[in-house]
Amino acid sequence: MFSVLLLPALVCFIFFSVFGVSALNLEQKGISAISSFSLETSTFGVLAEYPLGTLLSFITIFVIAIFFITSADSATFVLGMLSTNGLLNPSNSVKITWGLIQSAVAAVVVYFGGTQGLQNMLIIAALPFAIVIILMGASFLKDIQKEVRPRRK
């Protein structure tokens, strides 16, 4: 549980703390107007003000690419499993088809600039899943309590 739940949360906490405070310091000292950058480029604006900023920017792009590739690969695998009636190892043609469909949807969204509408739709669609996750958490706590209590004979 530590390596799956707590460690990523700790790394994200440290990352956002360090870069958030760095951006605030740059803004307060008047070195760079990070707030004038768009949301998509503000990280690169912060990195540009530090030594090896160009190298750090390339590393950041590489990490973002790894994230997107891993996410897309996982999504195509799961969609392939779901569309083949739960087959644990769907064929490559099924996964490639799903990958092309995902790419086409992403290209259409980017081309029409509809990311804000897509974000709003995803927020609305996530509400039922949030309720399910809360119920899963309650069930998890209930199961933990059953395991901790000594069994009576």
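Above: the structure in question.
The following refers to the structure shown. Here the structure is a predicted model, which means the values were calculated and not measured.

About the criteria used
- All chains use their own residue numbering, which begins from 1 and follows the written sequence.
- With pLDDT at 70 or above as the cut-off, local features in this predicted model cover only qualifying residues; side-chain atom pairs require 80 or more to be listed or tallied, and sums for whole chains, interfaces and linings still use all residues.
- Just so you know, side-chain values use all the structure's heavy atoms and leave hydrogens and water out.
- Put simply, DSSP H or I for four residues or longer makes a helix, DSSP E for two residues or longer makes a strand, and each gets a number counted from the N terminus.
- What a helix should span is 1.5 Å times the count of its residues minus one.
- Working definition: with a 1.4 Å probe on protein chains only, accessible area under 20% of the residue-type maximum means buried, over 50% means exposed, and in between means partly exposed.
- Relevant arc is that of directions from the helix axis to the C-beta atoms, nothing else.
- In what follows, residue pairs with any heavy atoms lying within 4.5 Å of each other are defined as contacts.
- For the purposes of these results, a polar contact is taken to be a pair of N or O atoms within 3.5 Å, where, inside protein, one atom must be able to donate a hydrogen and its partner to accept one; residues adjacent in sequence count only when each atom of the pair is a side-chain atom.

## Some remarks on helix α4 (residues 92–112)
Move 1: Taking 1.5 Å per residue as the helical rise, α4 with its 21 residues ought to reach 30 Å, and the 30 Å between its terminal C-alpha atoms agrees with that figure.
Move 2: Within the sequence span of α4, burial applies to Lys95, Gly99 and Val109. Looking straight down α4, one finds that the buried residues subtend no more than 90° of arc, so they occupy a single side. More than 90 degrees from the buried face of α4, the exposed residues found are Ile96, Leu100, Tyr111 and Phe112.
Move 3: Residue glycine 113 follows α4 closely and has a positive phi angle near 65°.

## Some remarks on helix α3 (residues 53–83)
Move 1: Over its 31 residues, α3 extends 44 Å from the first C-alpha to the last, a length consistent with the 45 Å expected when each residue adds 1.5 Å.
Move 2: For α3, the complete set of buried residues consists of Gly53, Ser57, Thr76 and Gly80.
Move 3: Structurally, α3 contributes buried residues whose contacts are with α2 (42–48) and α4.

## Details of the environment of phenylalanine 68
Move 1: Turning to its location among the elements, phenylalanine 68 is positioned in helix α3.
Move 2: A relative accessible area of 54% means that phenylalanine 68 is categorised as exposed.
Move 3: In this structure, the C-alpha to C-alpha distance between phenylalanine 68 and methionine 136, residues 68 residues apart in sequence, is 27 Å.

## Some thoughts on unusual backbone geometry
Move 1: The backbone phi angle of leucine 52 is positive, close to 60°, even though this residue is not glycine.
Move 2: Inspection of the secondary structure puts leucine 52 in the loop between α2 and α3.
Move 3: Backbone geometry places asparagine 85, a non-glycine residue, at a positive phi of 60°.
Move 4: Checked against the element boundaries, asparagine 85 lands in the loop between α3 and α4.

## Some points on the side chain of serine 42
Move 1: Within the secondary structure layout, serine 42 lies in helix α2.
Move 2: On the accessibility criterion, serine 42 (18% relative accessible area) is buried.
Move 3: Among the polar contacts listed, one links the side chain of serine 42 to the backbone oxygen of leucine 39, at a separation of 3.2 Å.

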